[in-house]
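# Inside the fold
Here is what each chain is made of, one letter per residue.
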Amino acid sequence: MNILDSIKKPSDIKKLKINQLNQLSNELREFILESVSQTGGHLASNLGTVELTIALHYVFNSPEDKLIWDVGHQAYAHKILSGRKDAFSTLRQLDGLSGFLKRSESEHDILEAGHSSTSISAALGLAKVNENLGNNDNYVLPIIGDGALTSGMAFEALNYAGQCKSQLIIILNDNEMSISNNVGSISKYLNKIRGFKLYTSLKRSMVNKLTKSQIGTKTYHVISKTKSSFKELFIPGMLFEHFGLSYIGPVDGHNIKEIIETLELAKKLDKPVLFHVKTVKGKGYLSAEKNPDLYHGVGKFDLKYGITPSDKSTYSNVFGNHLLDMAKNDSRVIVLTAAMSSGTGLNKFAEELNKQFIDVGIAEQNAVTMAAGLAIGGFKPYVAVYSTFLQRAFDQIIHDVALQNLSVVFCIDRSGLVGSDGETHHGIFDTSYLSLIPNITIMMPKDSNELIRMLDFSKDFNGPLVIKYFKGESYTINDDVDDLFEPELIVKGENTLIITTGRLVKEAYDASEINNFSYGVLNVRTLKPLNYESIYNIAKDYDKVFIIEENIKTGSFTMQMENHFLKNGFTNVETFNLPDTFIEHGSINELLDRYQLDAKGIINHINKGM
Ligand SMILES: Cc1ncc(C[n+]2csc(CCOP(=O)(O)OP(=O)(O)O)c2C)c(N)n1
């Protein structure tokens, strides 16, 4: 039996010797590679955390000591070592294991996440519990990447962390990458200290002694006035020391022995610690080491040949390419991304027009308010962001953009269901949380032509504008009605009308086609302001109206439209949406099927009648 098969729970690791731990790391890496190539998932980040995970479980006692994985996309080794190896082939599949941490899956999963930079804050809460309950021997260990560390939320937590009075060891997993190259001053700072030899607080006393004895009293007095800057020459991680943490590192994150020995040392300190580990994203699979961005999140692929980048046109590509053309003709156009340049289709833009491209790192709030500043200065900012991550900047949209009626365009990718990333990532709240904001206009295209028309329309539009589009391959349906504020009757049909938007226009069209085009299909492109009058004028001639949307019910456009129909005495109207719950993971098609929003589901609804 190999060693990996004998590990049923984290404490089993403690029985192993160092050479066995090394063997375990090889087996684990092999297993992750094989498995993820079959299921898809976050590959490169997980290949980088194998040794670190083994060492953490060797030194600490989970779940009494709390391992808190930031984002949770790099915790596959943790999931496998905590009793989920046999179920791993179901990762990210409908009703299978989650691709992130899930408290219902295991007592070793302490915090659920998917959005980044929450780990230190949650850890501070748990550390306070330990302090108040007198749990002096229990450790709390947030594990945060260098990308996640660029977020304001991580720094808000660091600002408090120095006051923590119980055992806190922040593990900084530094692989020099976010999804793409990490950006900004924090990243530059970490790059600088990565080159230092391992520094521990034991060495700090040596530095202090060295400075007194070797440089002479006179010089020492001059220097002691600027002691901090003097220390910076000798001590890496002074930034963290200024936050009241003891810095230890950098440690080779693929040397289990070194990690274990240094963690044991960290346990002896009586202050909160920042433990800096250098890892390699994609470690052990050469293609992923060379191209970690491409291997950050993967679909099923052949391990022997690796991934070939897809040439399928997605809405993200259509957006990125068209905005690039617009920006080439108008130097006022600036695009902002929060660490998602590849996901939002902006890689080509960044390469060709870097002066008009800004990556702020994982800092959605900063991106939105920076866009406000650009708009005030007369530029035309486009914020390219996933629907789910824009939730972070809700206040900035209201307070910094909408209140001042600034001309910022929000290009919201992944609106609607996103598939296997699941609960934390579906963009199913955006109609609800955006349509309540005054001054905002919200549009959603049914196909790639309409997306391009909306981008063209945005050029001269004044005020905040949202263009939200869904994940997937782009297609075109048929010609458009010119005025985007008017609804578009795509199929006239007979007695039944389906009113919808975005991806579901195609599902409604397919449902109608299956029924010899007997259902009318009305495409609503502008969800705010809702053109009640035009929609109602078309709909009132039908016997039955179904309004559907890939958004939760509360706050949806379907709910708003339904109220209008009822107010006008039209009662043969029914709405269907996603339910007001968190939606699980699964492929988009499986979820559309489960929630009866695909063509088949629409026909079922209609056949059931009212
Ligand atoms: C708020 C938020 N914005 C964007 C993302 C998308 N995202 C997922 S992982 C990741 C990179 C994180 O980098 P790092 O913390 O260094 O981890 P690594 O993948 O390099 O291991 C990003 C940008 C996210 N999860 N949360």
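See above for the structure.
Now for a quick tour of the structure. Since we're looking at a predicted model, the values are computed, not measured.

What follows covers the overall build of the protein. Assigned secondary structure in the protein consists of 26 helices and 17 strands. Taking 2.2 N^0.38 as the reference for a compact globule, 610 residues should give roughly 25 Å; the C-alpha atoms of the protein span a radius of gyration of 27 Å, in line with that estimate. Its C-alpha atoms give the protein principal-axis dimensions of roughly 90 × 60 × 50 Å. Within the protein, buried positions represent 58% of all 610 residues. Sequence-distant contacts, at least 24 apart, represent 75% of the contacts inside the protein between residues at least 6 apart.

Looking now at the packing of helix α4 (residues 50-59) against helix α13 (residues 256-268). Closest axis-to-axis distance for the α4/α13 pair is 9 Å, and the angle between their directions is 45 degrees. The angle between α4 and α13 places the two elements in the oblique class. Once α4 is placed against α13, the crossing between them reads as right-handed. Contact with α4, carried on its side by Glu51, Leu52, Ile54, Ala55, Leu56, Tyr58 and Val59, involves Ile256, Ile259, Ile260, Leu263, Glu264 and Lys267 of α13 and no other residues of that element. When grouped by side-chain class, the residues that make up the contact of α4 with α13 number 10 nonpolar, no polar and 3 charged.

So, about the sheet that holds strand β1 (residues 66-69). Taking strand neighbours across the sheet as the criterion, the 5 strands line up as β1-β2-β3-β5-β4 in an open arrangement whose pairing is parallel. Each edge of the open sheet carries a strand with a single partner, namely β1 and β4 (246-252). The mean angle between the axes of side-by-side strands here comes to 20 degrees, regardless of whether they run parallel or antiparallel. In this sheet, strand β2 (residues 140-145) lies alongside β1 in parallel orientation, the contact comprising 4 bridges. The residue of β2 that forms the bridge with Ile68 is Pro142. Set on the sheet, α4 makes contact with β1, β2, β3 (169-174) and β5 (273-278); between it and β1 the angle comes to about 160 degrees. Sitting on the sheet, helix α6 (residues 119-133) touches β1, β2 and β3, and the angle it makes with β2 is about 175 degrees.

Another point: the packing of aromatic side chains. Within this structure, the stated rule accounts for 23 aromatic pairs. Judged by centre distance (6.3 Å) and plane angle (65 degrees), the ring pair of Tyr189 and Phe240 falls under edge-to-face. One end of the pair, Tyr189, is in helix α8 (residues 184-194); the other, Phe240, is in helix α12 (residues 238-242), with 51 residues separating them in the sequence. With a centroid separation of 6.1 Å and 70 degrees between ring planes, the pair formed by Phe429 and Phe582 is classed as edge-to-face. Linking Phe429 in the loop between β9 (409-413) and α20 (430-435) with Phe582 in the loop between β17 (573-578) and α25 (588-594), this pair joins segments that are 153 residues apart in sequence. With a relative accessible area of 59%, Phe582 lands in the exposed category.

Once that is clear, we can look at the site of the ligand. Neighbouring residues of the ligand: 21 residues in total, closest His73, Gly114, Gly147, Lys281 and Glu364. Separating an oxygen atom of the ligand from a side-chain N or O atom of His73 is a distance of 2.8 Å. Taking Asn175, its side chain carries an N or O atom lying 2.9 Å from an oxygen atom of the ligand. Here the ligand loses 98% of its free accessible area of 580 Å² to cover by the protein chains. Broken down by class, the residue content of the shell around the ligand amounts to 7 nonpolar, 10 polar and 4 charged.

Here we come to helix α26 (residues 599-608). Among all positions of α26, only Ala599, Gly601, Ile602, Ile603, His605 and Ile606 are buried. Along its buried surface, α26 packs onto β13 (496-500), α22 (503-514), β14 (519-523), β16 (544-552) and β17.

A separate point is α8. Among the residues of α8, Ser187, Tyr189, Leu190, Ile193 and Arg194 are the ones counted as buried. Buried residues of α8, seen end-on, are gathered within an arc of 160 degrees and therefore sit on one face of the element. Turned more than 90 degrees away from the buried face of α8, the exposed residues are Ser185, Lys188 and Lys192. Check the buried side of α8 and you find it contacts β3, α12, β4 and β5.

About the thresholds
Residues numbered from 1 in each chain as written. Predicted model: local features only at pLDDT ≥ 70, side-chain atom pairs only at ≥ 80, totals over all residues. Heavy atoms only, no water. Helix = DSSP H or I, 4+ residues; strand = E, 2+ residues; numbered from the N terminus. Rg over C-alpha atoms; globule rule 2.2 N^0.38 Å. Buried < 20%, exposed > 50% of the residue type's maximum accessible area, 1.4 Å probe, protein only. Contact = heavy atoms within 4.5 Å. Axes fitted to C-alpha atoms, helices over the stretch in contact; angles between N-to-C directions. Parallel < 35°, antiparallel > 145°, perpendicular 65-115°, else oblique. Left-handed = near helix turned anticlockwise from the far one by under 90°. Nonpolar A, V, L, I, M, F, W, Y, C, P; charged D, E, K, R; others polar. Pairing = 2+ DSSP bridges. Phe/Tyr/Trp six-rings, centres within 6.5 Å; stacked < 30°, edge-to-face > 60°. Near = heavy atom within 4 Å. Polar contact = N/O pair within 3.5 Å; in protein donor to acceptor, adjacent residues only side chain to side chain. Areas by Shrake-Rupley, 256 points an atom, 1.4 Å probe, with all protein chains shown as cover. Arc of directions from axis to C-beta.

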